[in-house]
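# Results of the structural survey
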Amino acid sequence: MSTLELHVDVGVPIDRAWETLHQLEHYPRFVEGVRGARTEAGGRAHLEVETGGRAQELDAEVSDRGDRVMEWLTTSAPELTGSFSVAPIDKNHTRIQARLEYDPDTIRDSFGGPKGFAQTNAIERLVRSDLEHFKEFVEQR
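Residues numbered from 1 in each chain as written. Predicted model: local features only at pLDDT ≥ 70, side-chain atom pairs only at ≥ 80, totals over all residues. Heavy atoms only, no water.

## Observations concerning the sheet that holds strand β2 (residues 34-40)
Spelled out, the test is: When DSSP finds two or more bridges between two strands, those strands count as paired. Numbering of helices and strands runs from the N terminus; a helix is a DSSP stretch of H or I covering at least four residues, while a strand is a stretch of E covering at least two. Throughout, an axis means a line fitted to C-alpha atoms (over the contacting stretch in the case of helices), and angles, computed between N-to-C directions, take values from 0 to 180 degrees.
Sheet architecture is open: 7 strands sit in the order β1-β7-β6-β5-β4-β3-β2, paired in antiparallel fashion. This sheet does not close on itself; its edge strands, each paired only once, are β1 (2-10) and β2. Averaged over all pairs of adjacent strands, the angle between their axes in this sheet comes to 20°, without regard to strand direction. Bridge count for β2 against strand β3 (residues 44-51) is 6 bridges, and the pairing is antiparallel. The residue bridging Glu40 from the neighbouring strand is Arg44, located in β3.

## What to know about the pairing of strand β6 (residues 80-90)
The sheet contact formed by strand β5 (residues 69-74) and β6 spans 5 bridges and is antiparallel. In the strand pairing of β6, Val69 is matched with Ser85. In this antiparallel pair of consecutive strands, β5 and β6, the connection spans 5 residues. Relative to strand β7 (residues 93-102), β6 is paired through 10 bridges, and the arrangement is antiparallel. Paired with Leu80 across the strands is Tyr102, a residue of β7. Taken together, β6 and the strand that follows it, β7, pair antiparallel across an intervening segment of 2 residues.

## Overview of the packing of aromatic side chains
Selection rule: Pairing of aromatic side chains requires ring centres within 6.5 Å, counting the rings of Phe and Tyr and the six-membered ring of Trp. Pairs whose planes differ by under 30 degrees are stacked, by over 60 edge-to-face, and all others tilted. Three exposure classes are used, based on accessible area relative to the maximum for each residue type with a 1.4 Å probe and protein chains only: buried under 20%, partly exposed in between, and exposed over 50%.
In this structure the tally under the stated criterion is 3 aromatic pairs. A centroid spacing of 5.0 Å and a plane angle of 75° characterise the contact between Phe30 and Phe134, whose relative ring orientation is edge-to-face. Of the two residues, Phe30 sits in the loop between α1 (14-21) and β2 while Phe134 sits in helix α3 (residues 116-140), which places them 104 residues apart along the sequence. Residues Phe30 and Phe134 agree in their burial class; the two are buried.

## Observations regarding the pattern of salt bridges
Note the cut-off: Each reported salt bridge corresponds to a side-chain nitrogen of Lys or Arg within 4 Å of a carboxyl oxygen of Asp or Glu.
Counting across every chain of the model gives 11 salt bridges. Ionic pairing is found between Arg68 and Asp15, a salt bridge with its closest N-O pair at 2.6 Å. Of this pair, Arg68 sits in the loop between β4 (54-65) and β5 while Asp15 sits in helix α1; the two residues are 53 residues apart in sequence, bridging distant segments of the chain. Given a relative accessible area of 22%, Arg68 falls into the partly exposed group. A salt bridge links Glu71 to Arg65; the nearest nitrogen and oxygen atoms lie 2.6 Å apart. Beyond isolated ion pairs, a larger network of salt bridges with shared partners links Glu5, Arg99 and Glu101.

## Considerations on α1
Quick note on the threshold: This arc is taken over the directions from the axis of the helix to the C-beta atoms.
Of all the positions in α1, only Ile14, Ala17, Trp18, Thr20 and Leu21 are classed as buried. End-on, the buried residues of α1 take up no more than an arc of 165°, which puts them together on one face.

## Some words on the pairing of β7
Going residue by residue along β7, you find Thr94, Ile96, Ala98, Leu100 and Tyr102 tucked away on one face and His93, Arg95, Gln97, Arg99 and Glu101 left uncovered on the opposite face. As paired elements, β1 and β7 share 9 bridges and run antiparallel to each other. Its bridge partner being in β7, Leu6 is matched across the sheet by Ala98.

Structure, rendered in C-alpha cells:
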C-alpha cells in the first residue's frame, strides 16, 4: 500500500470547513472526475466517477473519528481508504489534511494512467489540485 498525505490552508473558520467536507453532494464541484455524490443511510456514500473516459460507481463507508477526522473506506472496487482532518490555525483559518491509502496496481487497473513513479506523481498532482479546488469552493461560499 502507498500513502499520500497533503494539506491546504483555507481562509474559513473550522466549523465551515468541517461542514463543507460532509456535504458530499458538493464533491463534483471540487473533486476531479466525480460526476455525482450522495450520502446514504447508515454512514454510506455513493459516488459516480468518470476517469479515462470510463464511468464507474463507488460505494464507501464514511465515519467521523475523534476530533474533526472524517474517514472513508470504499466497499466496492477499487479498495481505497482515506481521511480528511481539520485543525484550526486561528479563528478564521483552517488546515485541511488529506490522507489517501491505495495500492498503485489497483489504481492503474481501475482508473488507467501511468505506472510507477509517474503514477505516484499523477496521483499527488490530482489530490493537490482537488485540495486547491476545495479551498476555492469553501472560500467563495
